[in-house]
Amino acid sequence: MKHSDVLVAGGGPVGLAAALLCAARGLVVTVLESESETAVRAGSRAIFVHGVTLRTLGGADPELAQRLANRGLTWGGKHTLWAGRTVYRRSYPRPRSGMTPPFSSLSQRDIEAELRRSCLAAGVRLAWRTPVETVSVRPGHVEVGSGHRASFLIGADGARSTVRTAIGARLAGTRSDASFIVVDLADDPLGPPGERVFHYRHPAAGNRHVLTAPFRGGLRVDLQCRGTDDIAGLTADPASWVAPLVPGGAAVEVTWVSHYRFHQSVADTFIDAGRRVLLAGEAAHLFAPFGARGLNSGIADAAAAAEAVAGVITGTAPRDDAVGRYDAVRRAAALRNREATAQALDQLLATDMSTRARQRIAAAAARHSVRAGAWLDRIPYGPRDAGIPGSPY
Ligand SMILES: Cc1cc2nc3c(=O)[nH]c(=O)nc-3n(C[C@H](O)[C@H](O)[C@H](O)COP(=O)(O)OP(=O)(O)OC[C@H]3O[C@@H](n4cnc5c(N)ncnc54)[C@H](O)[C@@H]3O)c2cc1C
């Protein structure tokens, strides 16, 4: 039986962040990851690392925050159009060298690679091809399978979490009927960072909404589909329709395509009855990606989990209080994040006449009102301040 202070199930971004933040507090940590070290996860996926997240990670490893900032890019600005007409546009100032940028945009693969590098430097043990299959909470410790034992287990094993099932927690929420297609395009490596563009009723997409967002090495295109769309046909041949959606009409090379539906779910508890297991990231909640709440809120969970378990292990906090507080605070944050993404989704789908009318009126008013354009620019991502104390996530 191998002993650690903390076991982390899952070596995705949230598990790696949790492990690093625990190690930075002097704890002995082992990450149990079902995949092999060389497995490559396809696609850009979470590309927006918020400045708050950079600072959280920088608290454990300042060089990590710097590497994520340098390896990613900051968009040149944001641009919102309605049926081919600009309704809002704003340039971002160039980030000052040495300062934490407001955000960094890079593929999730690159984010995970940097997190792994920091984990190894901090002495985190990474156990590859080691799926968590059983969890047993005993008086004073938790056992995973027959080989690992620790004071605490952080379950960061993703949407289909084994740990969540093992502690009897359940995800509750909804799944939207609407489908989105996401296409990654290879970018011109020498070109300047482009803008993030949200185009309502894009004429070249049959009046569907289209989001394009640059990340280091690529451009991400999200197409909001209609119920009658042939999703299989569109994902089979994205090159046949995606080029006219690319701002500036640059040549495109498709590197990845996928489709998804919005899940909006939060686990009914983030901890087990014995207060030895804490769920974090997608093991605990699933949000629609608009607003970048998946990865950023998962890393906020990781920081809170590390604080809770370190407090108990180092004897500065009683277990019931620290773990109970984790559940109360992060579950409340998840419910607020879910509400924020639900508001974004209501605006994107605009299924009721009054939402559609408000958007049309704002689009007309944006010809002379910056406020109307700014509102249209903001609503696809949900409220900026979801009311979570001390964090946007
Ligand atoms: C198409 C797409 C686009 C997205 N876009 C965005 C975006 O723009 N912004 C955003 O914030 N988020 C986005 N997301 C969501 C983002 O990818 C997730 O929020 C993020 O990956 C969650 O991280 P995680 O570590 O909680 O889970 P995961 O990334 O799923 O990691 C879980 C890890 O656990 C491992 N694992 C699973 N089961 C076990 C087990 N039993 N034992 C051990 N290990 C196990 C897995 O192999 C994996 O490595 C997107 C996701 C997708 C699919």
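Check the entry above for the structure.
Note that this is a predicted model, so its numbers are computed, not measured.

Rules behind the numbers
- Residues numbered from 1 in each chain as written.
- Predicted model: local features only at pLDDT ≥ 70, side-chain atom pairs only at ≥ 80, totals over all residues.
- Heavy atoms only, no water.
- Helix = DSSP H or I, 4+ residues; strand = E, 2+ residues; numbered from the N terminus.
- Rg over C-alpha atoms; globule rule 2.2 N^0.38 Å.
- Areas by Shrake-Rupley, 256 points an atom, 1.4 Å probe, with all protein chains shown as cover.
- Lys, Arg positive; Asp, Glu negative; His and termini not counted.
- Charge placed at Lys NZ, Arg CZ, Asp CG, Glu CD.
- Near = heavy atom within 4 Å.
- Polar contact = N/O pair within 3.5 Å; in protein donor to acceptor, adjacent residues only side chain to side chain.
- Pairing = 2+ DSSP bridges.
- Contact = heavy atoms within 4.5 Å.
- Axes fitted to C-alpha atoms, helices over the stretch in contact; angles between N-to-C directions.
- Salt bridge = Lys/Arg side-chain N within 4 Å of Asp/Glu carboxyl O.
- Buried < 20%, exposed > 50% of the residue type's maximum accessible area, 1.4 Å probe, protein only.
- Patch = residues over 30% accessible without salt bridge, like charges linked within 9 Å, V, L, I, M, F, W, Y side chains within 5 Å.

S.K.: Would you mind going over the overall build of the chain in detail, with residue names and values included?
M.R.: Summing up its helical and strand segments, the chain has 10 helices and 17 strands in all. In summary, the chain has a C-alpha radius of gyration of 21 Å against a globular reference of 21 Å for 393 residues, a match within 12%. With the C-alpha coordinates of the chain rotated into their principal frame, the extents come out at 65 × 45 × 40 Å. Summing over all exposed atoms, the chain offers an accessible surface of approximately 17,600 Å²; the carbon and sulfur share of this is 50%. For the chain, the separation between the mean place of its 47 positive charges and that of its 35 negative charges on side chains is 5 Å.

S.K.: Tell me what's going on with the site of the ligand, and back it up with residues and numbers.
M.R.: In the vicinity of the ligand, 30 residues are found, and the nearest of them are E33, Q108, V132, E282 and L295. The side chain of E33 places a nitrogen or oxygen atom 2.6 Å from an oxygen atom of the ligand. Between a nitrogen atom of the ligand and a side-chain N or O atom of R220, the distance comes to 3.1 Å. Look at the ligand: alone it shows 1,000 Å² of surface, and the protein chains cover 84% of it.

S.K.: Now, about the sheet that holds strand β15 (residues 254–267): what can you tell me, with residues and values included?
M.R.: Across the sheet, which stays open at both edges, the 8 strands sit in the order β5-β4-β12-β13-β14-β11-β15-β17 with mixed pairing between neighbours. Either end of the sheet is taken by a strand with one partner, and the two such strands are β5 (85–91) and β17 (285–286). Sheet analysis places strand β4 (residues 77–82) next to β5, joined by 6 bridges and oriented antiparallel. Bridge pairing links K78 to R90 in β5. Each of β4, β5 and β12 (195–202) is contacted by helix α10 (residues 370–378), which is oriented at about 85° to β5, the strand it contacts most.

S.K.: Explain the pattern of salt bridges residue by residue, including any values.
M.R.: Opposite charge on two side chains makes pairing possible when the charged atoms of those side chains draw close. Tallying each qualifying case throughout the model produces 12 salt bridges. Measuring nitrogen to oxygen at the nearest pair gives 2.6 Å for the salt bridge that ties R41 to E112. Taken together, the residues R41 in the loop between β2 (29–32) and β3 (48–50) and E112 in helix α4 (residues 108–121) connect sequence positions 71 residues apart. Assessed through its relative accessible area of 38%, R41 is described here as partly exposed.

S.K.: Run through helix α1 (residues 13–23), naming residues and quoting values.
M.R.: Of all 11 residues in α1, 11 are buried, a share of seventy percent or more. Turning to α1, its buried residues number three or more, namely P13, V14, G15, L16, A17, A18, A19, L20, L21, C22 and A23.

S.K.: Could you give an account of α10, naming the residues involved and the relevant values?
M.R.: Those residues of α10 lying buried are A372, G373, A374, L376 and D377. In this fold, the buried residues of α10 make contact with β4, β5, β12 and α9 (353–365).

S.K.: How would you sum up a positive patch on the surface? Please name residues and give values.
M.R.: On the surface, R90, R371, R378 and R384 cluster together to form a positively charged patch. On the secondary structure map, R384 appears in the segment after α10. For R384, a relative accessible area of 61% gives the class exposed.

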